[in-house]
Amino acid sequence: MIAEIFVELPTQQTNKPFDYAIPEEWHDLICPGIRVAVPFGGRKLLGFVTKIKANSDVKNLKEIDHILDLEPVLNKELLVLGEWLATHTVCYTIAAYQAMLPAALKGKYEKRITLPEGRSVAEYSENMQQLFCNRISISWDEAIAVVNMKELKTALANGDLEIAFQVEDKIKVKTERVLSLVQTQTQLKELLDSTRKNANNQIKLLQFLIDNPAEITATELMNQLSIPNDVIKKFIDQGILLAKQVELYRDPFAMTSFEKTTHMTLTAAQEAAFDSIAKAIEDETHENFLLFGVTGSGKTEVYLQTIDQAIQQEKQAIMLVPEISLTPQMVTRFKGRFGERVAVLHSGLSNGEKYDEWRKIIRGEVSVVVGARSAIYAPFQNLGMIIIDEEHEGTYKQEESPRYHARDVAIKRAEHHKCPVVMGSATPSLESFARAKKGVYTLLNLNERINQRAMPTVSVVDMREELRMGNRSMFSRELSEKISDRLLKKEQIVLLLNRRGHSSFIMCRDCGLVVQCPQCDVSLTYHRTSNQLKCHYCGYETNVPRLCPTCNSDHIRFFGTGTQKVEEEIAKLFPKARVIRMDVDTTRGKGAHERLLKQFGDGDADILLGTQMIAKGLDYPNITLVGVLAADTSLHIADFRASEKTFQLLTQVSGRAGRHLLEGEVVVQTYTPEHYSIELAASQDFESFYDREMMVRRNTAFSPYYFMTLITASSEDQFTAIEEIRRAAIMLKDGLSKQAIIFGPTPSPIAKINNRYRFQCLIKYKNEPNLLEILHQLNENLGAKTAKSGVYLSIDMNPNMMM
């Protein structure tokens, strides 16, 4: 029997399966979807079995080396989905399969030294015999720590030793030693009577086992009785206890208790949305719904009740949320409603925790998965619905290969399972709302907040006027007054600044030099905590210069505003205010995000200051004021979606205020108050914004009127990158129709990142049936050849970022 296997090639220069012979003893074990280790080019590499067949055109087939799984890690649906993903995102199939699995299953390669076949350790020197110690294989690190490198090289050159690569999972299954009684209560009592009176630990253990005959873990036993492991081991050796290793899940929520909740009474609008979705679940029909509801309108309760509907029909559900919305509140809502039937997948978990959550899913031990983008690949066999909350969020698009959008994958999976997809947002993407307007998606409206609570009142402050009035503070007079008022009332405040660090850049006031990253075409950001300049693209760090590197002037000044600087300003203006700062720097540690939000939710702080991560998912009753310190930050970036992203961010963060009994207010500070995205965000008028922005998109030939594909070539050598992007442009112009619009080749907006020069081509098109075929040719013909010369070609279908 022959297995077709996609092999994990280091350079990924081919996108075809290879045939391998299945050893006879494994005929019943090898099946599509399992991972195996195979010999390839003198190495052992990981591969995915996709097909079993009887014959091969290849002579002298190599055999599979060993099996990594006893059960498939990719079911039939996911194997087919991987092929679809590879085709539609123009990536390698192996990359698509890897994207579907937790990091623990992506394999690690261990370099080992082995004895050649047929050789015995006894044939070697005493030094080697001690090293191998009756083993035929040792790790490379172990070998070079003991054996002289010259001696090792000689042995390898002579064929006395060989190098092998062992493929293993990165994370092992966690197990625990569980103890059970072998002897009867009568036998235990006899043993107790005959035990030496000074053998205190043995007496203590025997007495415990007589009183507690049930199974117990060795760890619990040692902790409860304060006895050493030696005593337990002695009882095992004497046949009193039986020890067995039992698989144990790593539970990230083991220390958290979730209060059970029940369904809330739905409003008429919620009920109508629920009925439409529930009918699609019950009828097992695929339908795409856009749940368009203002902030605080109860979208989450609709999600919870429709998921329950799916569970009642013995089906499963995937709930996708943006990473920044995966707050403890969101987890609490789902765990409180569905308890142990929920698995959670997000970046805050360790690889081991993610692996264990994934194993619960594949074993059918849970019915609901709540997670960020990659949770769309949860290996459910009987999906009843998929939900994408805050569907407009850019984090649903993966920016490295495979460059998929979770919405596209969700729709593909839902078509297979004949179930609905629900996309919810107060500020839908223009693409989704346009599809809803055309009837491609079914539009469900939630126009009012729960219990007719008022939307927050929004005031827009012109910071140019503040400057004219002599106010050089980063806080307008209006915002300062409202912060003081809330502090007196013991109410809470959220302040949004779409930037981290202390100052955005430092500049010489004499010659105008802006200190830039030597490896990227961007300015360095000043971080006060470490007193360093950092690049947010490649991670480069350096000390702040005392003198200008160009003109030697000491007039180095900080420009712009970062969260650290705002925090200092708050301390000066409101010295008694308790502030929690949330940005990438303060939430790096495991659990930091949850810890900070819990402190704020518990009332341990008056002001929550943060970047975009605080704009969504927060629902606290005491927040009555939201301040946006720099509404223009996302408005003036080189991105055709800048206005849309600004409107969405302002609307979403405004929705954090006044969600419960207390009324909410929002103050938006801007230098361009007349811009339509800011004006319409202030009035929470999405439909007017949609009409205005669609007119702009039509006039500029951008999405959703045109599809787009971005092709980028990067190289450490500028001229090599230019040459490759030119070759790509020629292939495109020759292969596409005259209706396709091709821009470039041009330098990318950020022309250099991490010492690599970047050039790009942008294609705009409405209908190009040959496009995918041409892009795959481009990837295979140019991508494979150029990778050898250090040029990398990336193809991004419908890019979310143009930088």
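Parameters at a glance
- Residues numbered from 1 in each chain as written.
- Predicted model: local features only at pLDDT ≥ 70, side-chain atom pairs only at ≥ 80, totals over all residues.
- Heavy atoms only, no water.
- Helix = DSSP H or I, 4+ residues; strand = E, 2+ residues; numbered from the N terminus.
- Rg over C-alpha atoms; globule rule 2.2 N^0.38 Å.
- Buried < 20%, exposed > 50% of the residue type's maximum accessible area, 1.4 Å probe, protein only.
- Contact = heavy atoms within 4.5 Å.
- Areas by Shrake-Rupley, 256 points an atom, 1.4 Å probe, with all protein chains shown as cover.
- Lys, Arg positive; Asp, Glu negative; His and termini not counted.
- Charge placed at Lys NZ, Arg CZ, Asp CG, Glu CD.
- pLDDT = per-residue confidence, 0-100.
- Polar contact = N/O pair within 3.5 Å; in protein donor to acceptor, adjacent residues only side chain to side chain.
- Pairing = 2+ DSSP bridges.
- Axes fitted to C-alpha atoms, helices over the stretch in contact; angles between N-to-C directions.
- Salt bridge = Lys/Arg side-chain N within 4 Å of Asp/Glu carboxyl O.

Q: How should I be thinking about the overall build of the protein chain in this particular structure?
A: Helix and strand content of the protein chain: 24 helices and 33 strands. The globule rule puts the C-alpha radius of gyration for 803 residues at 28 Å, and the 31 Å found for the protein chain is close to it. Across its three principal axes, the protein chain shows a C-alpha extent of roughly 90 × 75 × 70 Å. The buried share of the protein chain, taken over its 803 residues, is 52%. Sequence separation of at least 24 residues holds for 74% of the intrachain contacts in the protein chain that already meet a minimum separation of 6. With the model as given, the accessible surface of the protein chain reaches about 37100 Å², and the carbon-plus-sulfur share is 49%. Positive and negative charge centroids in the protein chain, built from 96 and 101 side chains respectively, lie 4 Å apart.

Q: What is the right way to look at the confidence of the model for the protein chain in this model?
A: Do not read the fine detail of predicted coordinates wherever pLDDT is low. Averaged over every residue, the pLDDT of the protein chain is 85; the share at 70 or more is 92%. The least confident element of the protein chain, judged by mean pLDDT, is strand β8 (residues 162-168) at 66; the most confident is helix α14 (residues 406-417) at 97.

Q: Whenever I open this one, unusual backbone geometry confuses me. Can you help?
A: Glycine aside, negative phi is the norm for most residues, and most peptide bonds take the trans geometry. A cis amide bond, omega -5°, links S401 with the succeeding residue P402. A cis amide bond, omega 10°, links S703 with the succeeding residue P704. Along the chain, P704 turns up in the loop between α22 (686-700) and β30 (707-715). One non-glycine residue with positive phi stands out, namely K418, at about 55°. Position of K418 relative to the elements: it lies in the loop between α14 and β17 (421-425). In this structure K418 comes out as exposed when scored by relative accessible area, which is 51%. One non-glycine residue, N755, lies in positive phi territory at about 65°. Along the polypeptide, N755 turns up in the loop between β31 (741-753) and β32 (756-765). Given a relative accessible area of 34%, N755 falls into the partly exposed group.

Q: Can you help me understand the side chain of H417 in this one?
A: You can see H417 is positioned in helix α14. Here E77 takes part through its side chain, which lies 2.9 Å from a polar atom of the side chain of H417. Once residues within four sequence positions are removed from consideration, H417 is found in contact with E77, F380, Q381, N382 and L383.

Q: Which parts of the structure should I look at to understand the environment of P116?
A: Along the polypeptide, P116 turns up in the loop between β6 (108-114) and α3 (126-132). Each C-alpha atom, one on P116 and one on G603, is 67 Å from the other, the two residues being 487 residues apart in sequence.

Q: Help me out: how do you make sense of the sheet that holds strand β28 (residues 623-628) in this one?
A: Backbone-to-backbone hydrogen bonds join strands into a sheet, with any given pair of strands oriented parallel or antiparallel. Sheet architecture is open: 6 strands sit in the order β19-β29-β28-β20-β27-β26, paired in parallel fashion. Both outer strands of the open sheet, β19 (457-462) and β26 (579-582), are each paired with one neighbouring strand and no more. The mean angle between the axes of side-by-side strands here comes to 15°, regardless of whether they run parallel or antiparallel. Sheet topology places strand β20 (residues 492-496) next to β28; 5 bridges connect them, and they run parallel.

Q: Could you clarify how one ought to interpret the pattern of salt bridges in this entry?
A: Counted by the stated rule, this structure contains 31 salt bridges. Residues R697 and E644 are paired through a salt bridge, measuring 2.8 Å at the closest nitrogen-oxygen approach. Within this pair, whereas R697 is found in helix α22, its partner E644 is found in helix α20 (residues 642-654), the two being separated by 53 residues in sequence. The pair formed by R697 and E644 is uniform in burial state, with each residue classed as buried. Here E693 makes a salt bridge to R697, at a shortest N to O gap of 3.1 Å. With a gap of 4 residues between them, E693 and R697 both fall in helix α22, about one helical turn apart. Owing to a relative accessible area of 1%, R697 belongs among the buried residues under this scheme. If you follow the salt bridges from partner to partner, you end up with K482, D485, R486, K489, E491 and E665 in one network.

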